[in-house]
Amino acid sequence: MGIRAAVMVEPRASIALWEIDDPVVEEGGILLETVASEVCGTDVHLHHGRLDGVPYPIIPGHVSVGRILEARGVDRDALGEALHPGDVVTFYDVHEVCNACYHCTVANQPNRCPKRRVYGITYSAQDGPLGGWAERIYLRPGVRVLKLPERLTADDVIGGGCGLFTGFAAVERSDLCMGDTVVVQGAGPVGLAAAAFAQLRGAGAVVVIGAPATRLSLARELGADLVLSLEEHPLDARADAVRGVTQGRGADVIIEASGNPAAISEGLNLLRDGGTYVVGGHYTDTGTVQINPHTHINRRHADILGQWGTDFRHIVRALHMLARHREKLPFHKVIGARYGLDEADRALDDVANLRVTKAIIDPKL
Ligand SMILES: [Zn+2]
Ligand SMILES: [Zn+2]
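The following paragraphs examine the structure supplied in this document. For clarity, every value in this text was computed on a predicted model and none was experimentally measured.

1. Regarding a nonpolar patch on the surface
Okay, step 1: Taken together, the side chains of Val289, Ile291, Ile297 and Ile304 make up a nonpolar region of the molecular surface, amounting to roughly 270 Å² of accessible area.
Okay, step 2: As for its placement among the helices and strands, Val289 is situated in the loop between strand S14 (271-279) and helix H8 (293-298).

Shown next, in the form of structure tokens:
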């Protein structure tokens, strides 16, 4: 019996339904029945061919939740929790880092390791069910698997999806202090998670700039104190509003999660002198933007930081916080619609056109 999978055969082509062979579960490997995977902005970029070195055809879906069907010689998750068949788990999509290159051993940046592989992105569909848009997912030996905390459902986790962890990482990167005013640019899954975790970390106020209105109401539910709609508030009005909540100083911390180059110059203008700006929304090259080195950086004494991907610790800590503060972090509400494997094209289109905030791929539909 083969595995049905939604395959991105090449950029811009329709998603194809393939039946691929069940993998032989090696010692240390785990076979999951997919409970839910997601459509992340990166999947839209993959479909537009905007990432380098992708071995099309691929099975997309880098963040997923699954139920253990078979585990060979693995009885503990990455944190030592007992694992049994039937347990619901998620896993760290980055895999096969070499622990030998400069990035791994010296720079402490395994997510820059040239040998790293990522589920749903850098494996070919010919390598097996190594992406979430499939009925089953094979976790190769060494993949870091995490049992979902008892209080969490699959929807709690997949509703935030990849953005949950990226938003968490961006907040950690910002070193935000209790009482800081935080501006989040962008109200997609990354921006929503950044706003939620900034609030939990003790922000004095969280302002979210974004669109459309459905995303901004989710931002409010997840902890934003003030939302500024790109559709209703022009640039000057947004700047006035941020100055208004900071006695004219500008924001202490700004997290960019918009993927729009224009957000960068706006963000630098909204930052207070000595503030911190984290750029986390530009996973692909969307163009350049003008920055004035004097006013934006030097005189402003700005800390400008980039956040690339997530480390394992971000997944662990984000899940822990999600379990502890589940009532304040209703990420399951971010799920806009669910799609079967044969509806993946529509899911991509709905995400690309902002018709849903988080699209879920459910192979059972
Ligand atoms: Zn390495
Ligand atoms: Zn992603």
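Having seen it, we continue.
2. Overview of the coordination of the zinc ion (ligand 1)
Okay, step 1: Surrounding the zinc ion (ligand 1) are the protein donor atoms Cys98 (SG), Cys101 (SG), Cys104 (SG) and Cys113 (SG), which sit 2.3 to 2.4 Å from the metal.
Okay, step 2: Every donor counted, the four donor atoms about the zinc ion (ligand 1) form angles of 105 to 117° at the centre, which fits tetrahedral coordination.
Okay, step 3: The motif formed by the donor residues of the zinc ion (ligand 1), counted along the single chain, is C-x2-C-x2-C-x8-C.
Okay, step 4: By relative accessible area, which is 16% here, Cys101 ends up buried.

3. Concerning the side chain of Gln185
Okay, step 1: For Gln185, the position within the fold is in strand S10 (residues 181-185).
Okay, step 2: A residue is classified by how much of its surface remains accessible, and Gln185, at 3% relative accessible area, is buried.
Okay, step 3: A polar contact is formed between the side chain of Gln185 and the backbone oxygen of Ala263, at a distance of 2.8 Å.
Okay, step 4: Beyond its immediate chain neighbours, meaning those up to four positions away, Gln185 contacts Ile209, Ile254, Ile255, Glu256, Ala257, Ser258, Ala263, Glu266, Gly267 and Tyr277.

4. Here's the deal with the packing of helix H3 (residues 154-174) against helix H4 (residues 189-200)
When two helices pack together, their arrangement is given by the angle between their axes and by how far apart the axes lie.
Okay, step 1: Packing of H3 against H4 brings their axes to within 7 Å, and their N-to-C directions diverge by 50°. By the angle between their axes, H3 is oblique relative to H4. When the axes of H3 and H4 are compared, the crossing they make is right-handed. Contacts from Gly160, Gly163, Leu164, Thr166, Gly167, Phe168 and Val171 of H3 reach H4 at Pro189, Val190, Ala193, Ala194, Phe197 and Ala198.

5. Remarks on the coordination of the zinc ion (ligand 2)
Okay, step 1: For the zinc ion (ligand 2), the protein coordination sphere consists of Cys40 (SG), His62 (NE2) and Cys162 (SG), at 2.0 to 2.2 Å.
Okay, step 2: Each donor residue of the zinc ion (ligand 2) lies on one chain, and together they are spaced C-x21-H-x99-C. Placement of the pair is Cys40 in the loop between strand S3 (30-39) and helix H1 (41-47) and His62 in the loop between H1 and strand S4 (64-71), with a sequence separation of 22 residues.
Okay, step 3: On the basis of relative accessibility, which here comes to 9%, the residue Cys40 falls in the buried class.
Okay, step 4: Its relative accessible area of 3% is what places His62 among the buried residues.

Conventions and cut-offs
- Residues numbered from 1 in each chain as written.
- Chains lettered and ligands numbered in written order.
- Predicted model: local features only at pLDDT ≥ 70, side-chain atom pairs only at ≥ 80, totals over all residues.
- Heavy atoms only, no water.
- Patch = residues over 30% accessible without salt bridge, like charges linked within 9 Å, V, L, I, M, F, W, Y side chains within 5 Å.
- Areas by Shrake-Rupley, 256 points an atom, 1.4 Å probe, with all protein chains shown as cover.
- Salt bridge = Lys/Arg side-chain N within 4 Å of Asp/Glu carboxyl O.
- Helix = DSSP H or I, 4+ residues; strand = E, 2+ residues; numbered from the N terminus.
- Donors = N, O, S within 2.8 Å, 3.2 Å for Na, K, Ca; no water.
- Tetrahedral: all angles 85-135°; square planar, octahedral: opposite > 155°, others 65-115°.
- Buried < 20%, exposed > 50% of the residue type's maximum accessible area, 1.4 Å probe, protein only.
- Polar contact = N/O pair within 3.5 Å; in protein donor to acceptor, adjacent residues only side chain to side chain.
- Contact = heavy atoms within 4.5 Å.
- Axes fitted to C-alpha atoms, helices over the stretch in contact; angles between N-to-C directions.
- Parallel < 35°, antiparallel > 145°, perpendicular 65-115°, else oblique.
- Left-handed = near helix turned anticlockwise from the far one by under 90°.

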